[in-house]
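# Architecture and fold: a report
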Amino acid sequence: MELLNCVVAFCLCLSKLTSAQNIYSADSLPFQINSETIDGDRNYTAPVFPILPFDKYIGNPILSPNPDNNWESAFLYNPTAIVLNDTIFLLYRAQNASKTSSIGLAWSTDGYNFTRLNQPIIYATEDYETIGGTEDPRIVRINGTFHVTYTAYNNESAQLCMASSTDMLNWNKSGVLFPGWTDVAYSDIDILMPRVNHSKSGAIVSEPVDGLYHMYFGDSFFYHATSPDLRNWTALPAEQYFAAPLIPWENRLIEPGPAPIKTRDGRWILIYNGMTTGRIGYPKDQYSVGQMLIDPSGSFRPNLTVSDGMYQPALRDGPIARIENPLLVPEASSEQEGQVDQVVFAEGLVQFKGKWFLYFGQADSTLGVATANVQP
């Protein structure tokens with residue numbers, strides 16, 4: 001028994017040592033990034049809806065808090081991703097002990113082992129970001145410029161914002177995108193509750209459609225906004241939402257994930273997150289990850305001629321399809337127990353070396369990855 005106790009103690013010490021050794025950091029990027037830096041996988045193949053199945057990496061979590069950097073010392077989760085020069089870059093949400101959020105940067109040449117920058121790249125500088133900070137980035141690159149949507153939180157209002165950069169280090173903030181936006185959310189008993197000055201989770205389509213850029217946002221219903229310049233956005237009122245919670249695993253709320261991915265037939269795959277009330281076969285308040293097919297052009301909606309000679313859409317604006325069952329659910333202990341229990345939350349998807357890498361937060365505490373094969 002004494003020998004067994006010694007073996008157990010040695011294994012625990014080795015585990016702690018290994019965990020500490022897995023934190024790799026640097027004071028500078030692995031290479032200079034500018035508007036000419038090549039993005040995307042060199043052998044990229046457009047997908048077919050849906051991209052399935054995703055298998056979680058056995059080595060999750062792949063990134064955890066770093067006690068040596070105060071700004072990321074408590075929690076690290078909810079990453080977005082982009083490929084530059086055959087390297088995956090993650091922008092992730094990090095929190096210190098006071099729960100102030102900043103956005104950090106890490107990179108990897110294999111998709112699993114990351115080196116992180118010692119300094120945050122987007123952090124609280126504005127009044128509407130004080131105390132709560134900058135949360136939940138989603139990145140897209142258009143014409144050589146990186147655009148990141150993020151949530152600014154001042155411990156009173158959560159508001160969707162944007163920042164832009166050409167080098168990933170110096171960011172210009174555009175401010176609140178939908179000031180005064182009134183969102184609607186379900187309560188625990190399915191009563192609709194208004195939330196004033198509340199907007200979150202913007203996923204931008206990387207190509208203009210019919211002369212406009214398109215964004216899907218919201219953390220209850222999905223709302224559809226358009227912009228001519230990626231700075232000035234217009235959305236219909238909340239009651240004219242794009243999509244609502246529908247399936248049991250997402251019946252409390254839905255929230256966009258990473259920027260949509262264009263399919264082979266010109267439509268777009270939107271990975272998204274959903275929360276359940278728990279009354280229909282899922283644990284209460286569980287977050288899972290799903291997938292829907294969208295078309296910003298609306299070309300899939302046939303028109304009907306009406307009696308006065310005008311026409312109207314046969315279907316309202318909304319998703320073409322969504323998968324019935326979630327592609328990721330909380331299973332591991334790092335996903336079931338943490339700052340918020342029972343959470344997997346995806347915001348990063350890239351194709352890299354023959355696989356799709358889907359990066360997600362685990363229980364609002366650590367960061368994991370799942371992969372799927374690229375379809376032939």
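Residues numbered from 1 in each chain as written. Predicted model: local features only at pLDDT ≥ 70, side-chain atom pairs only at ≥ 80, totals over all residues. Heavy atoms only, no water.

This brings us to the pattern of salt bridges. A complete count under the given rule lists 17 salt bridges for this structure. Among the salt bridges present, the one from K56 reaches E335, with a minimum N-O distance of 2.8 Å. Residue K56 is found in strand 2 (residues 55–56), and its partner E335 is found in helix 2 (residues 333–336); the two are separated by 279 residues along the sequence. Among the ionic contacts, a cluster of salt bridges with common partners joins D183, R195, K200 and D219. (Salt bridge = Lys/Arg side-chain N within 4 Å of Asp/Glu carboxyl O. Helix = DSSP H or I, 4+ residues; strand = E, 2+ residues; numbered from the N terminus.)

Now for the sheet that holds strand 26 (residues 366–373). Strand order across the open sheet formed by four strands is 2-26-25-24, with antiparallel pairing between neighbours. With one partner strand each, in any of the chains shown, strand 2 and strand 24 (344–352) form the two edges of the open sheet. By the bridge criterion, eight bridges tie strand 25 (residues 355–362) to strand 26 in an arrangement that is antiparallel. Bridge pairing in strand 26 places W356 opposite A372. (Pairing = 2+ DSSP bridges.)

Here S220 lies in the loop between strand 14 (213–217) and strand 15 (223–227). Contacts of S220, omitting those with residues within four sequence positions, involve D183, V184, A185, R195, P245, L253 and I254. One polar contact links S220 to D183, side chain to side chain, over a distance of 2.9 Å. (Contact = heavy atoms within 4.5 Å. Polar contact = N/O pair within 3.5 Å; in protein donor to acceptor, adjacent residues only side chain to side chain.)

By themselves, these figures tell us nothing about what the structure is for.
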